[in-house]
Amino acid sequence: MQAAWSPCGFNGQTSDPLLWRDHYSSPVSPRGETEAWGRCSASLPGPGLRRLRACTVSALAFVNKVRARRERKRKRRISMAVAAAAAAGPVFWRRLLGLLPGRPGLAALLGRLSDRLGRNRDRQRRRSPWLLLAPLLSPTVPQVTSPPCCLCPEGVHRFQWIRNLVPEFGVSSSHVRVLSSPAEFFELMKGQIRVAKRRVVMASLYLGTGPLEQELVDCLESTLEKSLQAKFPSNLKVSILLDFTRGSRGRKNSRTMLLPLLQRFPEQVRVSLFHTPHLRGLLRLLIPERFNETIGLQHIKVYLFDNSVILSGANLSDSYFTNRQDRYVFLQDCVEIADFFTELVDAVGDVSLQLQGDDTVQVVDGMVHPYKGDRAEYCKAANKRVMDVINSARTRQQMLHAQTFHSNSLLTQEDAAAAGDRRPAPDTWIYPLIQMKPFEIQIDEIVTETLLTEAERGAKVYLTTGYFNLTQAYMDLVLGTRAEYQILLASPEVNGFFGAKGVAGAIPAAYVHIERQFYSEVCSLGQQERVQLQEYWRRGWTFHAKGLWLYLAGSSLPCLTLIGSPNFGYRSVHRDLEAQIAIVTENEALQQQLHQGTQFTTCDPRKTPSNSVVTSSADFLLHPCCGVCEET
């Protein structure tokens, strides 16, 4: 017989209902719960207890609202799970859902079973095969409505479903180069600025104020001058997108660094400062500098010169040019990709504040103000502006694909060869992944979760982040799928906040705490062999690299990598504007380049010193090269 809830205890054993509340199996409705508490407290004498009754009823009403909100979210996840299972889930579950009627109810039933068995798994500290139900919780992925194209090279790789969300750019691997060092990144940017003739587009969190950053600004100024003095003046345009709060910090800041360019070349230079719509009103007045940056940022890192693009996680600051390890990929002479990112930065720039020559800011004509105007209206307009860029580029690429491979393809290729177009056939595909949760754009989140969901037994996922704070969804997928995971983290000494003054100095210890919690969960599930953690350490350096590499079962080289600005954490998913690209390649030489990008872990191996921040309250340390536990 099932035990019933009682407002004064559960079978008389406890007086606190919150200690035994079960979200899934409570036989009493929230409304009945509130009424029961009301009857119980009404029978108690005294004005104090009557006040207690009123407070209790109010508290339970609030809890009921929260519960109702969670129930609505759960129902949305069920519908998303059904679509994901049909589009990208394992074949077994797709067939099961196709055979049985009532898909939402079936998904709910399987989800309930997964939750129940997951709790049993935690109690028994062993891995349950029911974790394979994780694909049912994956996000919605539009279904591939037509079979893979057998006429074109795009039809041969397994990640073609991504082009249902974003444009697909086919390129030759000879146009893709992986950079390895901050100095190489800095010198390449300066060289590309000097030879730019048509456009320079730079999106970053901020521009630093040191001599190296001034050198970069001087390069821009010199190139703009040459464009005006040339015998045939070029129409060179410079567009720079930064974050408003980070770029305005301090007296000397990103804005003051760029003012001379704006004042001297007002017709050629545009500086846009994105301001999150969530920092407004009293909140904007009360939160001080630095702390206001936690509300939301422009975090995209794209550096574009004519038809060449650098995608990275690095900002425009001296440490990123010298001794701060990051990742960088150079896409050379890729005009379609350059056009897409130019349009994307322009779109975000249009919904941002425009820096003027007198250091004031203005809104683009006809645009809602990001923090003075209506927030919902602003976010709706921003969503439309960005999605128009994504959808139009996707349509263009689909038309180009159809013209190249489906409309007299042999004749078209012969005509192209006769016209001198000797462009090699694509063996690499680029997919831009955008994440702007404030504008309800979640493409990067959907693709990342689906990749983690679909990683099969025998596959290997290599993941790195400078700030280890994975979302709960990402953590659940890492712990609930069969692929092997190798996760590279920043040791406290190479965290960019290590040794900082004030509250910021405690940030490395906070990340260590999160790291310990996650590793404890790994150990409690007995998954130390499948999920391994490593720490990066290099004397005199800091660590800012982030990304994902996917190795298919039986392969020693990655076929896919994600590279760009996201950190896989809460802020990247929910608060900031992010962009990265998925690179899928069949070329072994490029796969080798991508694989080499994971080898910076071995540049300076050593055990964490016993007097470091890690050991302050730790029961174990993570060896930075093998990820094993070490007693302190």
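Treat the numbers as computed from the prediction; the structure is a model and nothing was measured.

Draft legend 1. Structural view of the UniProt feature "domain: PLD phosphodiesterase" (unreviewed entry) in the chain. As recorded in UniProt, the feature "domain: PLD phosphodiesterase" (unreviewed entry) lies at residues 294-320. Structurally, residues 294-320 comprises 11% helix and 33% strand, and the distance from its first C-alpha atom to its last is 21 Å.

Draft legend 2. Focus on the packing of aromatic side chains. Inspection of the entire model under this criterion finds 14 aromatic pairs. Taking the centre distance of 6.1 Å and the plane angle of 80° together, the rings of Phe274 and Phe439 count as edge-to-face. Here Phe274, found in strand E5 (residues 269-274), pairs with Phe439, found in the loop between strand E12 (428-436) and strand E13 (441-442); they are 165 residues apart in sequence, far enough to count as distant. This pair shows no difference in class: Phe274 is buried, exactly as Phe439 is. Seen from their ring centres, Phe340 and Phe341 are 5.2 Å apart, and the 80° between their planes marks the pair as edge-to-face. The burial state of Phe340 is the same as that of Phe341; both residues are buried. A connected cluster of aromatic rings, assembled from ring pairs, spans Phe185, Phe186, Tyr303, Phe321 and Tyr328. The ring of Trp541 carries Arg538 above its face, with NZ or CZ at 3.8 Å from the centroid.

Draft legend 3. Quick peek at helix H14 (residues 443-454). Between its first and last C-alpha, H14 extends 16 Å over 12 residues, near the 16 Å set by a 1.5 Å rise per residue. Along H14, 11 of the 12 residues are buried, which leaves the element largely enclosed by surrounding structure. Those residues of H14 that fall on the buried side of the exposure criterion are Ile443, Asp444, Glu445, Ile446, Val447, Thr448, Glu449, Thr450, Leu451, Leu452 and Thr453.

Draft legend 4. Representation of the confidence of the model for the chain. Predicted confidence across the chain gives a mean pLDDT of 78, with 68% of residues reaching 70 or more. Predicted confidence for residues 1-44 stays below pLDDT 50, and this span has 52 contacts to residues more than four positions away or in other chains. The low-confidence segment residues 409-413 (pLDDT under 50) makes four contacts with residues lying over four places distant or belonging to another chain.

Draft legend 5. Region of interest: the pairing of E12. Summarising burial for E12: nine of the nine residues are buried, a large majority. Across three bridges, the pairing between strand E1 (residues 169-171) and E12 is antiparallel. Within E12, the residue paired with Gly170 across the bridge is Trp429. Bridge analysis of E12 against E13 gives two bridges, and the strand direction is antiparallel. Pairing of Gln435 across the sheet is with Gln442, part of E13. Here E12 folds back onto E13 in antiparallel fashion, the turn holding four residues, of which Glu440 has a positive phi close to 60°.

Draft legend 6. Highlighting the environment of Glu578. Tracing the backbone shows Glu578 in strand E20 (residues 577-585). Here Glu578 falls in the buried class, since its relative accessible area comes to 0%. Between the C-alpha atom of Glu578 and that of Lys437, which follows or precedes it by 141 residues, the distance is 9.2 Å. Side chain to side chain, Glu578 and His299 meet in a polar contact 2.8 Å long.

Draft legend 7. Main features of the pattern of salt bridges. In the structure shown here, the tally under the stated rule is 16 salt bridges. Across the pair Lys190 and Glu187 runs a salt bridge, and its minimum N-O distance is 3.3 Å. Here Lys190 and its partner Glu187 are both found in helix H5 (residues 182-195), three residues apart, which amounts to about one turn of the helix. Ionic pairing is found between Asp576 and Arg571, a salt bridge with its closest N-O pair at 3.6 Å. Several salt bridges share partner residues, and in doing so they unite Arg270, Asp346, Asp350 and Arg385 into one network.

Draft legend 8. View of the pairing of strand E6 (residues 302-305). A two-sided burial pattern is seen for E6, the buried positions comprising Val302 and Leu304 on one face and Tyr303 and Phe305 on the other. One ladder, built from four bridges, connects strand E3 (residues 199-203) with E6; its direction is antiparallel. What sits directly across from Met202, in E6, is Tyr303. As defined by bridge partners, E6 adjoins strand E7 (residues 308-312) across four bridges and the pair is classed as antiparallel. Bridge pairing in E7 places Val302 opposite Leu311.

Draft legend 9. Just helix H8 (residues 254-264), in detail. Of the positions making up H8, those classed as buried are Ser254, Arg255, Met257, Leu258, Leu259, Leu261 and Leu262. Contact partners of the buried residues in H8: helix H6 (211-229), strand E4 (237-243), helix H7 (244-247), E5, strand E10 (353-355) and strand E11 (361-363). Structurally, the start of H8 carries an N-cap: the backbone nitrogen of Arg255 is 3.0 Å from a side-chain oxygen of Asn253.

Draft legend 10. Spotlight on the environment of Glu456. On the secondary structure map, Glu456 appears in the loop between H14 and strand E14 (460-464). By relative accessible area, Glu456 is classed as partly exposed at 29%. A sequence separation of 96 residues divides Glu456 from Leu552, and the C-alpha atoms of the two residues are 8.1 Å apart. With near-sequence residues (within four places) excluded, Glu456 lies in contact with Arg158, Arg482, Ala483, Leu552 and Ala553.

Draft legend 11. Here's a closer look at the nonpolar core. By size, the foremost hydrophobic cluster in this structure holds 100 residues, and its most contacted members are Phe341, Met436 and Phe518. It is helix H11 (residues 335-350) that provides the largest number of residues to this core, a total of eight residues. Setting aside its immediate chain neighbours within four residues, Phe518 contacts Phe468, Met475, Val478, Leu479, Ile487, Val531 and Leu533.

The rules behind the values
- Residues numbered from 1 in each chain as written.
- Predicted model: local features only at pLDDT ≥ 70, side-chain atom pairs only at ≥ 80, totals over all residues.
- Heavy atoms only, no water.
- UniProt positions renumbered as here; feature names shortened; annotations may be inferred.
- Helix = DSSP H or I, 4+ residues; strand = E, 2+ residues; numbered from the N terminus.
- Phe/Tyr/Trp six-rings, centres within 6.5 Å; stacked < 30°, edge-to-face > 60°.
- Buried < 20%, exposed > 50% of the residue type's maximum accessible area, 1.4 Å probe, protein only.
- Lys NZ or Arg CZ within 6 Å of the ring centre and 35° of its normal.
- Expected span 1.5 Å × (residues − 1).
- pLDDT = per-residue confidence, 0-100.
- Contact = heavy atoms within 4.5 Å.
- Pairing = 2+ DSSP bridges.
- Polar contact = N/O pair within 3.5 Å; in protein donor to acceptor, adjacent residues only side chain to side chain.
- Salt bridge = Lys/Arg side-chain N within 4 Å of Asp/Glu carboxyl O.
- Core = buried A, V, L, I, M, F, W, Y, C linked by side-chain atoms within 4.5 Å.

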